[in-house]
Amino acid sequence: ARMRSCLRLKSELDRRRAIEHRDTRRAGQGAASASQSEVSHVMLGSQAGLQADFRAMSPEAQSDLGLVVLKIDSLCEKRALTDFQKAEVIQATAKALAQVSISAGENFVHWEEGLFCFASPSASEDDLRARAQSFIKAVQTAQIITPGTWEKTPVSISAVLAPKQTGTIGHRLGKAIQLVENVCETGQLQTITVLTPQRNDA
């Protein structure tokens, strides 16, 4: 537990240094880049921090971990959004998602672009579904609208649940991300899908 706390603290310090360095380098490169970099300040964690937590876990703890991967639907659709508009949507969605409280031991991070990841130890499928619904509701309540488009459309998110099962955490997370991307491509927006165990997961 002490080692995990130290790793989490180190990854957070490294994340902040990286953000400061990146922001300094990108100063003057446009509002879109600045808006995108602000997402990390809004969220409770980063991809690097969550990956550090994964590496600190035993294989048994990784198998026991439940995941929820979320994707902003508006970034899946064939809309003519500029980079600046996409950054606006991501930042506004991040602020809405950050309002959802999480318990000790849980992690909720901005993974990349329009993807977010929630991780909870020993969470059942019902627990993960309730979490996903709370995230979806938070975005609905925020009433975020896609900017600069002819038709003003409310922003929504879709979720894929990855309950605890055997197999590496990287493999399960990768499959969950692929599945939520597929959900977006098929146009089945604002849905909750469950990643089922496969025989080759082990």
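For every chain, the first residue of the written sequence is number 1, and numbering continues from 1 onward in sequence order. Owing to the predicted nature of the model, reporting of local features is limited to residues with pLDDT of at least 70; listing and counting of side-chain atom pairs is limited to 80 or more, with chain, interface and lining totals taken over all residues. Hydrogens and water molecules were not included; the side-chain quantities draw on all heavy atoms of the structure.

A.B. asks: Can you break down the side chain of Lys 71 residue by residue, with the values?
C.D. replies: Under the scheme used here, helices are H or I runs from DSSP no shorter than 4 residues and strands are E runs no shorter than 2 residues, and both carry numbers assigned from the N terminus. Within the fold, Lys 71 resides in strand β1 (residues 65-72). Taking the relative accessible area as the measure of exposure, Lys 71 reaches 9% and is therefore buried. The buried label applies to any residue whose accessible area, calculated with a 1.4 Å probe on protein chains only, is under 20% of its type's maximum; exposed applies above 50%, and partly exposed to all values in between.

A.B. asks: Please provide a residue-by-residue account of the environment of Pro 163, values included.
C.D. replies: Assignment of secondary structure puts Pro 163 in the loop between β4 (157-162) and α8 (169-185). Taking C-alpha positions, Pro 163 is 7.4 Å from Leu 195, a pair spaced 32 residues apart along the chain.

A.B. asks: Lay out the sheet that holds strand β2 (residues 107-112) with the relevant residues and their values.
C.D. replies: Pairing in this open sheet of five strands is mixed, and the strands run β2-β3-β1-β4-β5 from one edge to the other. Across the chains shown, the open sheet's two edge strands, defined by having one partner strand only, are β2 and β5 (192-194). The sheet shows a mean angle of 20 degrees between the axes of neighbouring strands, direction not considered. Both β4 and β5 contribute to a ladder of three bridges, which runs parallel. Directly across from Val 160, in β5, lies its bridge partner Thr 193. Helix α4 (residues 47-56) rests against β1, β2 and β3 (115-121) of the sheet, and its axis sits at about 125 degrees to β2. Contacts are residue-level and defined by heavy atoms, with any inter-residue pair within 4.5 Å sufficient. Think of each axis as a best-fit line through the C-alpha atoms, taken over the contacting stretch in the case of a helix, with angles from 0 to 180 degrees between the N-to-C directions. Taken strand by strand, helix α6 (residues 83-97) contacts β1, β2, β3 and β4, and its axis lies near 25 degrees from that of β3. Note on pairing: DSSP must find at least two bridges between two strands before they are called paired.

A.B. asks: Just give me the short version of the pattern of salt bridges, but keep the residues and values in it.
C.D. replies: Here, a salt bridge means any Lys or Arg side-chain nitrogen found within 4 Å of an Asp or Glu carboxyl oxygen. On inspection of all chains with the given rule, the structure shows four salt bridges. Note that Lys 164 is salt-bridged to Asp 64, the shortest N-O span being 3.6 Å. Pair noted here: Lys 164 is in the loop between β4 and α8 and Asp 64 is in the loop between α5 (59-63) and β1, with a separation of 100 residues, a long-range link. Judged by relative accessible area, Asp 64 falls into the partly exposed class, the value being 26%. Between Glu 181 and Lys 71 there is a salt bridge, with the nearest N and O atoms lying 3.5 Å from each other. Highlighted residues: Glu 181 in helix α8 and Lys 71 in strand β1, separated in sequence by 110 residues.

A.B. asks: Pulling in residues and values, what's your account of the confidence of the model for the protein chain?
C.D. replies: pLDDT gives the predictor's per-residue confidence on a scale running from 0 to 100. Summing up the model confidence of the protein chain, the mean pLDDT is 79 and the portion of residues at 70 or higher is 73%. Ranking the elements of the protein chain by mean pLDDT puts helix α2 (residues 31-37) last with 46 and helix α7 (residues 125-142) first with 94. Note that residues 25-36 has pLDDT below 50 and, in this model, twelve contacts with residues that lie over four places away or in other chains.

A.B. asks: Give a description of the packing of aromatic side chains that names residues and reports values.
C.D. replies: Whether two aromatic rings pair depends on their centres lying within 6.5 Å, for rings of Phe, Tyr and Trp, where Trp uses its six-membered ring; planes under 30 degrees apart make the pair stacked, over 60 edge-to-face, and the rest tilted. What the rule picks out here adds up to four aromatic pairs. A ring pair is formed by Phe 108 and Phe 118, whose centres lie 6.4 Å apart and whose planes are at 65 degrees; its orientation type is edge-to-face. Separated by ten residues along the polypeptide, Phe 108 in strand β2 and Phe 118 in strand β3 bring together distant segments of the chain. The same class applies to Phe 108 and to Phe 118, which are both buried. Judged by centre distance (4.3 Å) and plane angle (15 degrees), the rings of Phe 108 and Phe 135 are stacked. Here Phe 108, found in strand β2, pairs with Phe 135, found in helix α7; they are 27 residues apart in sequence, far enough to count as distant.

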